[in-house]
Amino acid sequence: MERYQQLNVGDWKLVLHLPPSYATTAHCYPAVYVQDGGELFSGCLNYLDHLYLSGQLAEVILIGIEPHSRNDEYTPWPAAALVERFSPFAGRGQDYVNEVADVIKPYIDSHYRTKRQAEETAIIGGSLGGLISLFAGCWRPDIFGRLGLLSASFWYEGVLDFIREHKGFEAHQRVYMSVGDKEGIYKETRQRHMVEHTKEAYRLWHDKGMGATQLKLEVEPEGTHDDLFMMRQFPESLKWLFGNYEGDSRSKQTLEGKVQIPGTKVWSFHSGAAGRDYRLFIAEPMGPPPAGGYPVLYTLDANATFGSLAEAARLQTRGPHGMDPFVIVGIGYHSNDPIVTQKRFYDYTVFADSRELPARPDGSDWPLTGGAEGFLDFIEYELKPLIEKEFPIDHSRQSLFGHSLGGFLTLYTLFTRPGLFRRYFAASPSIWWKNHTLLQLWEDHREHMTLHEAEIELHLSVGSQEKPNMVSDANKLYQLLTTDEYAPKFVSMTEVPGEGHVSLLPSLFSSMLRRVTS
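None of these values were measured; they are calculated from a predicted model.

From N to C terminus, the protein chain includes 15 helices and 17 strands. The C-alpha radius of gyration of the protein chain comes to 26 Å, within 12% of the 24 Å expected for a compact globule of 518 residues. With the principal axes as the frame, the protein chain shows a C-alpha extent of 80 × 55 × 45 Å. Residues classed as buried in the protein chain amount to 58% of the 518 residues present. For the protein chain, the exposed area adds up to about 22,000 Å²; of that, 49% sits on carbon and sulfur atoms.

Overall, mixed pairing links the eight strands, which are arranged β1-β2-β4-β3-β5-β6-β7-β8 in an open sheet. Among the strands making up the open sheet, the edge pair consists of β1 (4–9) and β8 (215–220). Each neighbouring strand pair of the sheet contributes to a mean axis angle of 20 degrees, computed without reference to strand direction. Where strand β3 (residues 31–34) lies against strand β4 (residues 61–65), four bridges are found, and the strand directions are parallel. Residue pairing across strands places Val34 opposite Gly64, the latter belonging to β4. Each of β5 (121–126) and β6 (146–150) touches helix α5 (residues 128–139); the most contacted strand, β5, lies at about 150 degrees to it.

Further remarks concern the environment of Leu14. With respect to the helices and strands, the residue Leu14 is situated in strand β2 (residues 12–17). As a C-alpha pair, Leu14 and Glu66 span 52 residues in sequence and 6.1 Å in three-dimensional space. In this structure, Leu14 is in contact with Gln5, Gln6, Leu7, Val9, Ile63, Gly64, Ile65, Ile104 and Ile108, ignoring residues within four places of it in sequence.

The next point concerns the pattern of salt bridges. Scanning all chains against the criterion turns up 31 salt bridges. Across the salt bridge formed by Arg92 and Asp72, the nearest N and O atoms sit 3.6 Å from each other. Residue Arg92 is located in the loop between α3 (70–73) and α4 (93–111), and its partner Asp72 is located in helix α3; the two are separated by 20 residues in the primary sequence. By relative accessible area, Asp72 is classed as buried at 15%. Counted as one network, the salt bridges with shared partners bring together Arg203, Glu373, Asp377, Glu380 and Arg417.

Its 15 residues place the ends of helix α14 (residues 468–482) 21 Å apart at the C-alpha level, agreeing with the 21 Å of an ideal helix rising 1.5 Å per residue. Inspection of α14 places Met470, Val471, Asp473, Ala474, Leu477 and Leu481 among the buried residues, and these make up the whole buried set. Seen end-on, α14 carries its buried residues on one side only, within an arc spanning 165 degrees. Along α14, the residues that are exposed and aim more than 90 degrees away from the buried face are Pro468 and Lys476. At its buried positions, α14 is contacted by α12 (405–416), α13 (433–445), β16 (457–463) and β17 (490–496).

Looking now at the side chain of Ser133. Summarising the element assignment, Ser133 is placed in helix α5. Reaching out from Ser133, the side chain makes a polar contact with the side chain of Gln35 at a distance of 3.2 Å.

A word on the environment of Glu220. Take Glu220: it is sitting in strand β8. Once the C-alpha coordinates of Glu220 and Arg276 are considered, the two residues, 56 residues apart in sequence, prove to be 9.0 Å apart. When near neighbours in sequence (up to four residues on either side) are disregarded, Glu220 contacts Val179, Gly180, Asp181, Phe229, Arg232 and Gln233.

Once that is clear, we can look at the side chain of His197. Assignment of secondary structure puts His197 in helix α7 (residues 194–207). Residue class for His197 comes out buried when judged on its relative accessible area of 19%. A distance of 3.5 Å separates the side chain of His197 from the backbone oxygen of Phe154, its partner in a polar contact. Excluding anything up to four places from it in sequence, His197 contacts Phe154, Trp155 and Leu160.

A positive phi is found at Asp36, a non-glycine position, where the angle reads about 55 degrees. Tracing the sequence through the fold places Asp36 in the loop between β3 and α1 (39–42).

A separate point is the packing of α7 against helix α11 (residues 372–390). At a minimum axis separation of 12 Å, α7 and α11 run at an interaxial angle of 35 degrees. The two elements α7 and α11 meet at a crossing, and its hand is left-handed. Facing Lys199, Tyr202, Arg203 and His206 of α7, the residues of α11 in contact are Asp377, Glu380, Tyr381, Glu382 and Pro385. For the contact of α7 with α11, the residue count by class is three nonpolar, one polar and five charged.

It is worth spelling out a negative patch on the surface at this point. A cluster of acidic residues, Glu39, Glu66, Asp226 and Asp227, forms a negative patch at the surface. Looking at the secondary structure, you find Glu66 in the loop between β4 and α3. For Glu66, a relative accessible area of 40% corresponds to the partly exposed category.

On to the packing of aromatic side chains, then. Centre-to-centre distance and the angle between the planes together describe a pair of aromatic rings. Under the definition given, this model contains 33 aromatic pairs. Measuring from centroid to centroid gives 5.7 Å for Tyr22 and Tyr29, while their planes differ by 35 degrees, and the two rings are tilted. In terms of burial, Tyr22 and Tyr29 fall into one category: buried. Judged by centre distance (6.3 Å) and plane angle (50 degrees), the rings of Tyr176 and Trp240 are tilted. Of this pair, Tyr176 sits in strand β7 (residues 174–180) while Trp240 sits in helix α8 (residues 227–241), and the two are 64 residues apart along the sequence. Across this residue pair, the class does not change: Tyr176 and Trp240 are buried. Pairwise contacts between aromatic rings join Trp77, Phe89, Phe135, Trp139, Trp155, Tyr156 and Phe162 into one cluster. Stacked on the ring of Trp366, the Lys or Arg Arg360 has its end atom at 5.1 Å from the ring centre. Lys384 extends its terminal NZ or CZ atom over the ring of Phe421, reaching a point 4.8 Å from the ring centre.

About the thresholds
Residues numbered from 1 in each chain as written. Predicted model: local features only at pLDDT ≥ 70, side-chain atom pairs only at ≥ 80, totals over all residues. Heavy atoms only, no water. Helix = DSSP H or I, 4+ residues; strand = E, 2+ residues; numbered from the N terminus. Rg over C-alpha atoms; globule rule 2.2 N^0.38 Å. Buried < 20%, exposed > 50% of the residue type's maximum accessible area, 1.4 Å probe, protein only. Areas by Shrake-Rupley, 256 points an atom, 1.4 Å probe, with all protein chains shown as cover. Pairing = 2+ DSSP bridges. Axes fitted to C-alpha atoms, helices over the stretch in contact; angles between N-to-C directions. Contact = heavy atoms within 4.5 Å. Salt bridge = Lys/Arg side-chain N within 4 Å of Asp/Glu carboxyl O. Expected span 1.5 Å × (residues − 1). Arc of directions from axis to C-beta. Polar contact = N/O pair within 3.5 Å; in protein donor to acceptor, adjacent residues only side chain to side chain. Left-handed = near helix turned anticlockwise from the far one by under 90°. Nonpolar A, V, L, I, M, F, W, Y, C, P; charged D, E, K, R; others polar. Patch = residues over 30% accessible without salt bridge, like charges linked within 9 Å, V, L, I, M, F, W, Y side chains within 5 Å. Lys, Arg positive; Asp, Glu negative; His and termini not counted. Charge placed at Lys NZ, Arg CZ, Asp CG, Glu CD. Phe/Tyr/Trp six-rings, centres within 6.5 Å; stacked < 30°, edge-to-face > 60°. Lys NZ or Arg CZ within 6 Å of the ring centre and 35° of its normal.

The values reported here are purely geometric and, on their own, carry no functional implication.
Structural data, given as structure tokens:
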């Protein structure tokens, strides 16, 4: 039997690609229905075969469906054209989805060895094809349990309102989303909102209860709205949608190894929200959880801080008089360096151009900056849900610790997403970043932050032997917050005698851990 076939089903033109083992086994296979005539897979068949034969991808039957009029069949309801010279969108998507579900799929199921249940049936598309794939999952969850939304047109009028009002996806459904971070940036139409609307859709579904094993967002750096990037995401969507999760909360990471500290482990984790890979260091609690769950400490620069914190926790939670057992989650990078300069500069900062920064001592250019929002999306929407599935967590005892630029990010998190944590520990914070932008942020928005209404704590620290501006900046912020009615109810400041910018750290850990568990 030919592996690549062209079919006619009624007035629909289809292309079909069978997996390598189809002719030599009696197996049944998942079926994947792909918009736009299967262009997403037709250009990468050799690569798909490589993934099949190397065991990286479960074999599937691919069915490409050629539309008659994609602007009409791929839109959920009528809408005005993006520009006047084009015809409006007809919004005949529901008729199209029903044709796929009730005409095309029954034909494929009766002529080929498919697994027919919804969990084994995907519908995938790019751009408007991704949009109608979304609605196929909403309208016919009985048929389509796996959805691939590649650069989907979330800019389409009314889509975000629909998502807000819709009950959300069924428990058996999984959704893979992707978008290039440069999509729409040069557009003047609604398409300019491509990235922000995609992220908003992800947040809405996440808030409806979709966790890391059911929903994935991949943001591709430098990605534009082109077949190049959608085709590159297609195999990745198949890997994720048909991966063997079996309810395992570690679905997005693989066990990499162990550090030489008992009770610890290391995960390799790819973040779609931030678009990069992380090394996660986990110190497991050495005892049963307290009644409300484990306290948890998230620490930045984990390549440098995790070992000391994990050992301190291991010693100080020993019974019978030790602290409550708690979880430590260290966020680090795939490097043997304690400080991974280039990556942390991007993740821990808001964008600043060279005119907003002092000259570096060696005269070199500043690293790339401006990734703070994506990094915080990773923590909020990917990492925290993952940890909360792995351990019973006390949501009222979650803490964040950061040093230097990590201290800047800790304060930025407090000022922009205060509900993420209860306690914030900012050591030697880089308040100087971007002409003291943190101070301006506080001045401009403090009345709307509602920090004074929540049980939030901020703990500032600095070494007495640090650069004078580091010491004065920390004290200035402390004075500012302790005299402002809109500040957190509890703010502390510790200036450690005789310690510098790096030597400060070990002196903070024991007192910080006691506070984390209180």
